[in-house]
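# Structural overview for review
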Amino acid sequence: MAFPSVRSTRFSRPHNAASRNRLVVALVLLGACELAAPGADERATPAPRERPNIIVIMADDLGYGDVSCYGSTVFKTPSIDRLAAEGHRFTSGYCSASTCTPTRYSFLTGTYAFRTKGTGIAPPNGPAIIRPGTPTLPSLLRDAGYRAAVIGKWHLGLGDKEPDWNGTLAPGPLEIGFDECFLLPTTNDRVPQVYVEGHRVLNLDPSDPLTVSDKPIAPNEPTGVSHRDTLRMNWSHGHNGTIHNGISRIGFYTGGTAARFRDEDLADTWVKKSKAFIAANKDRPFFLFFASHDNHVPRMPHERFHGKSGTGLRGDAVLELDWCVGEIMATLDTHGLATNTLVIFCSDNGPVLDDGYEDGAVTELGGHHPTGPFSGGKYTVLEGGTRTPFITRWPGRIPVGESDEIVCTIDVAASCAALVNAPLPAHACLDSLDIHSALLGEPDAQGRTDLLQQDNGTKGTQGNFGLRSGDWKLIRLVNAPGGQAVISKQPLPKPAKRHSLYSLADDPGERNDVSQQHPKKTAELIQRLDAILTDGQTRP
Ligand code: NG6
Ligand code: CA
């Protein structure tokens, strides 16, 4: 097998001695990995340019200001900071929606979620949203010889019409390109609290079947309403169904007792499974989607993190996430894989404080600013909803630095496909742009010129949208921008108009609508937004 070709730009940039050495190590490792990669020749793909392992660490509900390398001072996130210090930190890194399911849909399919019905927040018994046969980030990488796994939160539905909790849970990740999966099926505030490994609920005793419903199942079953005084974390809105581990959830379930997990053990489990996956695939290219649940509600990190952030369980859960990042980096070091692994760190949507439980997120926040300089947060099309920490690291390949290019989770599919030279079918990944040069921090590389930001997206093309274009931001609203949840301590700006325009360079908080002063720019962006919504595809 040929030694991987390397573009000359990698050498034209000034390097210090340490990074030059790292580069040499990287190239030797890349070559070794090429020679050892089993099965890579078996598929009819063009000769790969580069074949790094790819790990995407997606946090849940993590805001721009929630980590110390993006400005948090109240608590520190040393491992995420280290990732940034050894890689590229993006100041205009985004997810594509301000809730989980549409961002994850777009991340895996490379297509804006509003284009597909049913991509809003998935319910406990929701069917598989990404249909088998859809080209996805993992299917493109798998076809290029990678071994692909998703470990952590799924929240994209399972099954044809609904999940068959006691049988085969398909279609699911294994039908859209992943070789392995170890999942929390929805979010942990939704029932059931069980792991799914492959096609089955792990440790399910057939004599104690699992029944999941959006309505009460048994008449005298304790719920968050009937047994509210027994809860160890009170609910504030929703979340008053079945009680498990002293916490009431969205939805109802019975049975599956032996299969149920403790909330406190989720992160440890993701890390343990990820370590095993990395070790088992250290001699071949792999793709790991590490889908953390931190800091989604219910925020119940392992006991060892309780009280450590000084901001209550929300901050403690961010510290748990930081620990996970450190463990993954240490695992790469243990196996000598760091210089052959592209790590992408991102979030699925911006932050929220009270998202349905009285967990101290509001009362113990202190001086912490989860959205950094931005407004809004989860559920909104303001910058706080989708502008989040975004870091790429690949020692020896990605220079240490910072970028203000616009990059988004939706671009990972086309960018990784280009990086490994995987063919991208014309009908695939309709809005995913190949910006791999920007993600790799190459000199003068450009990110996106514009990016559409959506909220939960249940109204399709009629919903709320943001359009970031250069330093301008257009907002088109159906209603007021906030959901019911408490997003920040500051009141949200409430533009009364359907369209408003902001100059992000001097108004990152989107507080001064300048559409009257810039009617031509406003009209141009309204036209562009309409084109994105109606043209069906933005990938050239
Ligand atoms: C909302 C839930 C919220 C959270 C969200 C999904 C209520 C009142 N609110 O419907 O708690 O679960 O869905 O969050 O039930 S996400 O990050 O997975 O999109
Ligand atoms: Ca989320």
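As shown above, the structure is provided for reference.
Calculation notes
Residues numbered from 1 in each chain as written. Chains lettered and ligands numbered in written order. Predicted model: local features only at pLDDT ≥ 70, side-chain atom pairs only at ≥ 80, totals over all residues. Heavy atoms only, no water. Near = heavy atom within 4 Å. Polar contact = N/O pair within 3.5 Å; in protein donor to acceptor, adjacent residues only side chain to side chain. Areas by Shrake-Rupley, 256 points an atom, 1.4 Å probe, with all protein chains shown as cover. Nonpolar A, V, L, I, M, F, W, Y, C, P; charged D, E, K, R; others polar. Salt bridge = Lys/Arg side-chain N within 4 Å of Asp/Glu carboxyl O. Helix = DSSP H or I, 4+ residues; strand = E, 2+ residues; numbered from the N terminus. Buried < 20%, exposed > 50% of the residue type's maximum accessible area, 1.4 Å probe, protein only. Donors = N, O, S within 2.8 Å, 3.2 Å for Na, K, Ca; no water. Tetrahedral: all angles 85-135°; square planar, octahedral: opposite > 155°, others 65-115°. Pairing = 2+ DSSP bridges. Contact = heavy atoms within 4.5 Å. Axes fitted to C-alpha atoms, helices over the stretch in contact; angles between N-to-C directions. 1 Å grid on protein atoms, 1.4 Å probe; cavity = no way out; pocket = protein on both sides within 12 Å on 5 of 7 lines; lining within 4 Å. Points joined across faces, edges and corners; volume = space filled by probe spheres on them.

### Let's talk about the site of ligand 1
- Neighbouring residues of ligand 1: 19 residues in total, closest Cys100, Asp189, Arg190, Asp355 and Lys378.
- Between ligand 1 and His155 there is a distance of 3.3 Å, counted from an oxygen atom to a side-chain nitrogen or oxygen.
- The contact in question runs from an oxygen atom of ligand 1 to an N or O atom on the backbone of Asp355, over 2.8 Å.
- With the chains in place, 86% of the 450 Å² that ligand 1 exposes on its own is no longer accessible.
- Split by residue class, the shell around ligand 1 holds 5 nonpolar, 7 polar and 7 charged.

### Concerning the pattern of salt bridges
- For the structure on display, the rule yields 34 salt bridges.
- In this structure, the salt-bridge partner of Arg314 is Asp66, at a minimum N-O distance of 2.7 Å. Taken together, the positions of Arg314 in helix α7 (residues 313-334) and Asp66 in the loop between β1 (53-59) and α3 (78-85) put the pair 248 residues apart, joining distant regions of the chain. Accessibility assignment for this pair places Arg314 and Asp66 in one class, buried.
- With a shortest N-O distance of 2.9 Å, Glu264 and Arg232 are connected by a salt bridge.

### Describing the coordination of the calcium ion (ligand 2)
- At the metal site, the calcium ion (ligand 2) is ligated by Asp60 (OD), Asp61 (OD), Asp348 (OD), Asp348 (OD) and Asn349 (OD1), and these contacts range over 2.2 to 2.7 Å.
- Viewed at the metal, the 6 donor atoms of the calcium ion (ligand 2) are separated by angles of 51 to 170°, and the geometry they form is irregular.
- Each donor residue of the calcium ion (ligand 2) lies on the same chain, and together they follow the pattern D-D-x286-D-N. Taken together, the residues span a long stretch of sequence, with Asp60 in the loop between β1 and α3 and Asp348 in the loop between β12 (341-347) and α8 (383-386) at a distance of 288 residues. For the pair formed by Asp60 and Asp348, the shared burial category is buried.

### Structural notes on the sheet that holds strand β5 (residues 196-197)
- Here 10 strands make up an open sheet; going across it, the order is β6-β5-β4-β3-β11-β1-β12-β13-β2-β14 and the pairing mixed. Where the open sheet ends on each side, the last strands, each with one partner, are β6 (200-201) and β14 (401-408).
- Relative to β12, β1 runs parallel, the two being bridged by 7 bridges. Bridge pairing links Ala59 to Ser347 in β12.
- Those strands touched by α7 are β1, β11 (286-291), β12 and β13 (390-393), and its axis lies near 170° from that of β1.

### Considerations on helix α4 (residues 100-109)
- With 10 of 10 residues buried, α4 lies mostly within the body of the structure.
- Those residues of α4 not exposed but buried are Cys100, Thr101, Pro102, Thr103, Arg104, Tyr105, Ser106, Phe107, Leu108 and Thr109.
- Buried positions along α4 lie against β1, α5 (137-143), β3 (147-153), β11, α9 (412-419) and β15 (450-454).
- Positioned one or two residues after α4, Gly110 has a phi angle of 70°, which is positive.

### Some words on empty space enclosed by the protein
- Across all of its chains, the model carries 4 cavities of 30 Å³ or more by this definition.
- Its boundaries defined by the atoms lining it, the largest cavity holds a volume of some 110 Å³.
- Along the wall of the largest cavity there are 18 residues; nearest its centre are Asp263, Leu266, His293, Asp294 and Glu320.
- Of all the secondary-structure elements, those providing two or more residues to the lining of the largest cavity are α6 (266-280) and α7.
- The element contributing the most residues to the lining of the largest cavity is α6, with 3 residues.
- Its residues assigned to classes, the lining of the largest cavity shows 7 nonpolar, 5 polar and 6 charged.
- Estimated volume of the second largest cavity: approximately 50 Å³.
- Surrounding the second largest cavity, Leu342, Ile344, Ser415, Cys416, Leu419, His436, Leu439 and Leu440 form its lining.
- Among the elements of the structure, β12, α9 and α10 (436-439) are those that each provide at least two residues to the lining of the second largest cavity.
- Counting residues per element, the lining of the second largest cavity draws most heavily on α9, which supplies 3 residues.

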